[in-house]
Every structure is written in C-alpha cells, then in structure tokens.
Amino acid sequence: NAGVTQTPKFRILKIGQSMTLQCTQDMNHNYMYWYRQDPGMGLKLIYYSVGAGITDKGEVPNGYNVSRSTTEDFPLRLELAAPSQTSVYFCASRPGGGNQPQHFGDGTRLSIL
Amino acid sequence: AQSVTQLDSHVSVSEGTPVLLRCNYSSSYSPSLFWYVQHPNKGLQLLLKYTSAATLVKGINGFEAEFKKSETSFHLTKPSAHMSDAAEYFCVVSALNTGFQKLVFGTGTRLLVSP
C-alpha cells in the first residue's frame, strides 16, 4: 500500500518555466489537497478537491492550477514559475465522512532561480 | 475562526528524559486536533488525534496528548525521549464545514534530542 505518492522529489526551474507536480493516492480517498511549506512556517493550502471533477481554491492559489480527472490523481500546475514559488509542496488525501486526518506524501522540493 | 499557537520554536532534551511540546488553540466550534511529526525530507505523519472522545489521547511511538478545554491547550508529551524522536512537530486544529476540512497549522516545534 503506497499511500500518497509525489513526483518528482526535487526540481530546479528557471523563472518563467512551467511544470506539473504529480500526486497520486491508492486509498480511494475522495478528498485531496495541495499545500506549500515555507521555511519556519506551517503549511498553507493552495487548492483542494472533494472528488473527481470538483476543485476549489485554498488560501494561496495565485500562480497555480489543478485538475482532478480521476479519484487517484491530483496534479498541480505552475504556468509561469516565479522565485516566490520556491517552496516544498505537499499533497494530502483523506477519506470522506467526519473529521478524519489527512495522509501526506513526502513532498516535492522546488527551487526557482 | 481557528488558530493554533505552538509556544516553543525549539525544544532540546536529553535522551531518556521527558518531552513536552506545548500547543494552544482557538476555535469557534468544538475542535478536532491533531499532532503531526515531520522527519527531515519527509512528509507529515500523524502522531495522534483528538475528536471529542477521551480527553487523554494516546498516539504512536509512546506519545500522548491531553485536551484541556478550560486552558484551550493540547500539549504533546512523552515520558522518555529517544534519539529517533528528533524531528519537527506540528499542532493542527481542524474545522469541518459542509464536508470540507480546513486544517490550520501551527508554525512547528523542532525537537532536538542529545545523547
């Protein structure tokens, strides 16, 4: 049981480049989330999804886009990378029903130079 | 609205001594609270959760936390620290609204364990 898998683990981008951070989960969870973690801070919510075909913005969505075509996958897209997007990105998922905890992937460390 | 304050950014202990990581919360509703641990270059792993059942919650690896409503606290403790406990710990308050779970994270406490 792999849980939540994120790829790549590390990436360096140049300003203005685009890329997609991949996230997949094998637990059949309805809810999925993308966070960013900046040094010395807690996690901030970028986007979330309550099921296939349904997504919505979190606290810090500017500069990002998401899609949810299947239950398993929830990719995060950066269209025009900026230095302010240098961060560690975490994907999480949880089952529906009640206030169950979220399960996190190991993160993608992204540097934009 | 919900908020979380972790009172210490760093805590240093010796191996074999007790651990106390402090967390205070604010919530408009009856909260659910979690403690997560993050080891270097890893994701967040759930240590324990409080969801309005028993106020003393036992988690993995010998950790436990006590929910004190009168003090709005949810401190994490462990009787005897192990070297492998060195990590970042996050206290998290959760609000559930029409199925959407909003997590509010504290800024983290780094636990250092010396031999």
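The structure contained in this document is the topic of the report that follows. No experiment lies behind these values; they were computed from the predicted model shown.

A word on the overall build of chain A
No. 1: On a plain count of helices and strands, chain A comes out with 0 helices and 11 strands.
No. 2: Walking chain A from its N terminus toward its C terminus, one meets helices and strands in the order β-β-β-β-β-β-β-β-β-β-β.
No. 3: A compact globule built from 113 residues should have a C-alpha radius of gyration of about 13 Å, and chain A, at 13 Å, falls within 12% of that.
No. 4: Expressed as lengths along the three principal axes of its C-alpha atoms, the size of chain A is roughly 40 × 30 × 25 Å.
No. 5: Within chain A, the fraction of its 113 residues that count as buried is 46%.
No. 6: Partitioning the intrachain contacts of chain A with sequence separation of at least 6 by distance along the chain shows that 54% fall at a separation of at least 24.

Observations regarding the interface of chain B and chain A
No. 1: Across the contact, 22 residues belong to chain B and 22 residues belong to chain A.
No. 2: Together, the buried faces of chain B and chain A total about 1,800 Å²; carbon and sulfur atoms form 52% of this surface.
No. 3: On the chain B side of the interface with chain A, the three residues burying the most area are Phe100, Gln101 and Phe105 of chain B, jointly 28% of the side's total.
No. 4: Seen at the junction of chain B and chain A, the total is 1 salt bridge.
No. 5: In this structure, Asp106 of chain A and Lys42 of chain B form a salt bridge, with 3.8 Å as the shortest nitrogen-oxygen distance.
No. 6: Put simply, chain B and chain A have 5 residue pairs in polar contact (both at pLDDT 80 or more) between them.
No. 7: Taken together, the elements giving at least two residues each to the side of chain B that touches chain A come down to strand 5 (32-38), strand 6 (44-50), strand 10 (87-97) and strand 11 (100-105) of chain B.
No. 8: Among the residues making up the side of chain B that touches chain A, the classes are represented as 9 nonpolar, 10 polar and 3 charged.

Looking at the state of the cysteines
Simply put, the disulfide is a covalent bond whose two ends are the sulfur atoms of two cysteines.
All names here are of chain B.
No. 1: Across all of its chains, the model carries 2 disulfides over all chains by this definition.
No. 2: Shown here is the disulfide that connects Cys23 with Cys91, its sulfur atoms set 2.0 Å apart. Taking the sign of the S-S torsion, about -65 degrees here, the bridge from Cys23 to Cys91 comes out left-handed. Of the two residues, Cys23 sits in strand 4 (residues 23-26) while Cys91 sits in strand 10, which places them 68 residues apart along the sequence. For the pair formed by Cys23 and Cys91, the shared burial category is buried.

Conventions we followed
Residues numbered from 1 in each chain as written. Chains lettered and ligands numbered in written order. Predicted model: local features only at pLDDT ≥ 70, side-chain atom pairs only at ≥ 80, totals over all residues. Heavy atoms only, no water. Helix = DSSP H or I, 4+ residues; strand = E, 2+ residues; numbered from the N terminus. Rg over C-alpha atoms; globule rule 2.2 N^0.38 Å. Buried < 20%, exposed > 50% of the residue type's maximum accessible area, 1.4 Å probe, protein only. Contact = heavy atoms within 4.5 Å. Buried area = accessible area lost by both parts, 1.4 Å probe. Salt bridge = Lys/Arg side-chain N within 4 Å of Asp/Glu carboxyl O. Polar contact = N/O pair within 3.5 Å; in protein donor to acceptor, adjacent residues only side chain to side chain. Nonpolar A, V, L, I, M, F, W, Y, C, P; charged D, E, K, R; others polar. Disulfide = S-S within 2.5 Å.

All we've got here are geometric facts, nothing functional implied.
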